[in-house]
Amino acid sequence: MDADPHLVTTPDAYDLRFLEPARLRLFRALGVTRATLLGERSWMRVMVTRAFPISDPAHYLGLLDGAGKDIGVVRDIADLDADSRAVAEEELRLRYYLPVVRRVVSVKEEFGTVYWTVDTDFGEKDMVVRNLRDSLQEVGPSRVLVTDVEGNRYEFPDINLLDSESMTIVLRHL
């Protein structure tokens, strides 16, 4: 029986490779993130991703090459040297843009659409949310993500800290 040439069955195709932080260097050249695994090889373009962006954002960072293929996994960003950690954190900040709502400035609901003005860690933002029930995602006992009509996500780290009007609107749709 001939094997299907499109079916990859070698164990290497599925092996998870953990990278040694002491041998890994991340750096930028001409605005592009690059990586070198000392004594092995370098990659001219690297993307840094999170395996668990919501539940464990500081651990299990995936490094992908320019073609989107796995290079390996870093178990803990804290294990990287300071320069590599700074590059990884900047990459993650750009990839996972998620303003954290510090305070609700105003909120108004009209015909099922909620208009928010919020103070975030990226400054004051206006967001419009239709069908709030489908746009809210509970990610913890009091932590909520809201997706606006433009697809931007906002984090409410603790809805218990919202003013009463905002809390009433959020709770009505959870």
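All values derive from a computational prediction rather than experimental measurement. (Residues numbered from 1 in each chain as written. Predicted model: local features only at pLDDT ≥ 70, side-chain atom pairs only at ≥ 80, totals over all residues. Heavy atoms only, no water.)

1. Re the sheet that holds strand β3 (residues 41–43)
Link 1 in the chain: Strand order in this open sheet of three strands is β1-β2-β3, and the pairing throughout is antiparallel. Edge positions in the sheet fall to β1 (24–29) and β3, since each of these pairs with one other strand and no more. Neighbour to neighbour, the strand axes of the sheet diverge by 20 degrees on average, direction disregarded.
Link 2 in the chain: Each of β1 and β2 (32–37) is contacted by helix α1 (residues 82–95), which is oriented at about 60 degrees to β1, the strand it contacts most. (Pairing = 2+ DSSP bridges. Helix = DSSP H or I, 4+ residues; strand = E, 2+ residues; numbered from the N terminus. Axes fitted to C-alpha atoms, helices over the stretch in contact; angles between N-to-C directions. Contact = heavy atoms within 4.5 Å.)

2. Some words on the side chain of E155
Link 1 in the chain: As for its placement among the helices and strands, E155 is situated in strand β12 (residues 153–156).
Link 2 in the chain: Of the polar contacts made by the side chain of E155, one reaches the side chain of R143; its length is 2.7 Å.
Link 3 in the chain: Leave out the neighbours within four places in its chain, and E155 touches L98, P99, V100, V101, R143, V144 and L145. (Polar contact = N/O pair within 3.5 Å; in protein donor to acceptor, adjacent residues only side chain to side chain.)

3. So, the sheet that holds strand β6 (residues 70–76)
Link 1 in the chain: Sheet architecture is open: three strands sit in the order β4-β5-β6, paired in antiparallel fashion. Each having just a single partner strand, β4 (46–50) and β6 make up the two edges of the open sheet. On average, each strand axis in the sheet is inclined to that of its neighbour by 25 degrees, with strand direction left out of account.
Link 2 in the chain: With five bridges joining them, β4 and strand β5 (residues 59–65) adopt antiparallel strand pairing. From the neighbouring strand, R50 faces β5, where its bridge partner is L61.
Link 3 in the chain: Lying on the sheet, α1 is in contact with β4 and β5; it crosses β4 at an angle near 70 degrees.

4. Digging into α1
Link 1 in the chain: Over its 14 residues, α1 extends 20 Å from the first C-alpha to the last, a length consistent with the 20 Å expected when each residue adds 1.5 Å.
Link 2 in the chain: Where α1 is concerned, the buried positions are S84, V87, A88, E91 and L92. Buried residues along α1 cover an arc of 130 degrees about the axis, so they all sit on one side. Residues of α1 that are exposed and point more than 90 degrees away from the buried face comprise D83 and L94.
Link 3 in the chain: In the core, the buried residues of α1 are packed alongside β1, β2, β4 and β5. (Expected span 1.5 Å × (residues − 1). Buried < 20%, exposed > 50% of the residue type's maximum accessible area, 1.4 Å probe, protein only. Arc of directions from axis to C-beta.)

5. Quick look at the environment of L145
Link 1 in the chain: With respect to the helices and strands, the residue L145 is situated in strand β11 (residues 144–147).
Link 2 in the chain: Once you skip the residues sitting within four places of it in the chain, L145 turns out to touch I54, L98, S135, L136, Q137, V139, R153, Y154 and E155.

6. Describing the packing of aromatic side chains
Link 1 in the chain: Counting across every chain of the model gives four aromatic pairs.
Link 2 in the chain: Aromatic pair F52 and Y60: ring centres 6.1 Å apart, planes at 90 degrees, arrangement edge-to-face.
Link 3 in the chain: We note R75 situated over the ring of F18; from NZ or CZ to the ring centre the distance is 3.7 Å.
Link 4 in the chain: Positioned above the aromatic ring of Y115 is the side chain of K108, whose terminal nitrogen or guanidinium carbon lies 5.5 Å from the ring centre. (Phe/Tyr/Trp six-rings, centres within 6.5 Å; stacked < 30°, edge-to-face > 60°. Lys NZ or Arg CZ within 6 Å of the ring centre and 35° of its normal.)

7. Brief notes about the pairing of β2
Link 1 in the chain: With six of six residues buried, β2 lies mostly within the body of the structure.
Link 2 in the chain: The alternating pattern of β2 places V32, R34 and T36 and T33, A35 and L37 on opposite faces, both of which are buried.
Link 3 in the chain: Taken together, the six bridges between β1 and β2 define a ladder with antiparallel strand orientation. Looking across to β2, one finds that A29 is bridged to V32.
Link 4 in the chain: Taking the residues between adjacent antiparallel strands as the criterion, β1 and β2 are bridged by two residues, where L30 takes a positive phi near 55 degrees.
Link 5 in the chain: The pairing of β2 with β3 spans three bridges and is classified as antiparallel.

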